[in-house]
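What follows is the residue order along each chain.
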Amino acid sequence: RKEVEQDPGPFNVPEGATVAFNCTYSNSASQSFFWYRQDCRKEPKLLMSVYSSGNEDGRFTAQLNRASQYISLLIRDSKLSDSATYLCVVVSNDYKLSFGAGTTVTVRA
Amino acid sequence: SQTIHQWPATLVQPVGSPLSLECTVEGTSNPNLYWYRQAAGRGLQLLFYSVGIGQISSEVPQNLSASRPQDRQFILSSKKLLLSDSGFYLCAWSVTRGSGYTFGSGTRLTVV
């Protein structure tokens, strides 16, 4: 089983729609979590950390479910500029970062 | 502010040729440094990380090596490239292990 798994998508949504997707992880001792955004042929950039109580950053909401071992990202009021691949990152208790292969989101006009 | 520089942006090399990719970080001291590779359609694979000058940890066996001759310089090398070495190579730094990373702009390597 992969350490971090994501639905590759693509999620094709119209502008203004809400899109949400999950990332599952296998190590129950994982201690911290992040979402990164990667545009085509570019480097990944940190989008947001994921806190135990859930957190929002503008139109983006991240949630953590430790019992079921997944994190989620929800994007409200999608913009064309939200089109990208979203990478899930899980940090183990020995500081090892594991990256998911990414979920591709395409927002259409 | 901290910045990370990585070069070259693209590289086409023949099989069997050597490789040297350089990464430097500015605006911080004693960063944790990392080399990742991203193959097409796949997740990032950690190749090496370094917590200080001369300290290199290798995550996967391969024909690549890394060195950290200065605090803010991280070099990825190979004596003889293989076709399977093609990919997108990313350098990254973090303040502490396990904290969020900042990536360089990457080097897209094609071995022909």
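For the structure given in this document, a descriptive report is provided here. (Residues numbered from 1 in each chain as written. Chains lettered and ligands numbered in written order. Predicted model: local features only at pLDDT ≥ 70, side-chain atom pairs only at ≥ 80, totals over all residues. Heavy atoms only, no water.)

1. Structural notes on the interface of chain A and chain B
Applied cut-off: In this analysis, two residues are considered to be in contact whenever any of their non-hydrogen atoms come within 4.5 Å of each other. By definition, the buried area sums, over both parts, the 1.4 Å-probe accessible area that each loses when the two are put together. Salt bridges are defined as contacts in which a side-chain nitrogen from Lys or Arg sits within 4 Å of a carboxyl oxygen from Asp or Glu. Any N or O atom pair separated by 3.5 Å or less is treated as a polar contact, with the protein-specific requirement of one donor-capable and one acceptor-capable atom, and with residues adjacent in sequence counted only for side-chain atom pairs. Counting from the N terminus, the helices are the DSSP runs of H or I reaching at least four residues and the strands are the DSSP runs of E reaching at least two. Each residue is assigned to one class: nonpolar for Ala, Val, Leu, Ile, Met, Phe, Trp, Tyr, Cys and Pro, charged for Asp, Glu, Lys and Arg, and polar for all the others, Gly among them.
Counting from both sides, the interface comprises 17 residues of chain A and, opposite them, 17 residues of chain B. Summed over both partners, the interface of chain A with chain B buries about 1400 Å², with 57% contributed by carbon and sulfur atoms. Run the count over chain A and chain B and you get zero salt bridges. Along the contact surface separating chain A from chain B lie two residue pairs in polar contact (both at pLDDT 80 or more). At the level of secondary structure, the elements contributing two or more residues to the side of chain A that touches chain B comprise β4 (32-38), β5 (44-50), β9 (84-91) and β10 (97-99) of chain A. A total of four residues in the side of chain A that touches chain B trace back to one element, the largest contributor, which is β4 of chain A. Residue composition of the side of chain A that touches chain B, by class: 10 nonpolar, three polar and four charged.

2. Comments concerning the state of the cysteines
Short version of the rule: Note on terminology: disulfide denotes any pair of cysteine sulfur atoms within 2.5 Å. A simple rule labels every residue: compare its accessible area, found with a 1.4 Å probe on the protein chains alone, to the largest value its type can have, and call it buried under 20%, exposed over 50%, or partly exposed in between.
Summed over all chains, the structure comprises two disulfides over all chains. With its sulfur 1.9 Å from that of its partner, Cys-23 of chain A forms a disulfide with Cys-88 of chain A. Because the torsion about its S-S bond is -65 degrees, the bridge between Cys-23 of chain A and Cys-88 of chain A counts as left-handed. Linking Cys-23 of chain A in strand β3 (residues 19-25) with Cys-88 of chain A in strand β9, this pair joins segments that are 65 residues apart in sequence. In this model Cys-23 of chain B forms its disulfide with Cys-91 of chain B; the gap between the sulfur atoms is 2.0 Å. Note on the Cys-23 of chain B and Cys-91 of chain B pair: the S-S dihedral is about -70 degrees, so by sign convention the disulfide is left-handed. With a gap of 68 residues between them, Cys-23 of chain B in strand β3 (residues 19-26) and Cys-91 of chain B in strand β9 (residues 87-94) connect regions that are remote in the sequence. Here Cys-23 of chain B falls in the buried class, since its relative accessible area comes to 1%. Given the relative accessible area of 0%, Cys-91 of chain B is considered buried.

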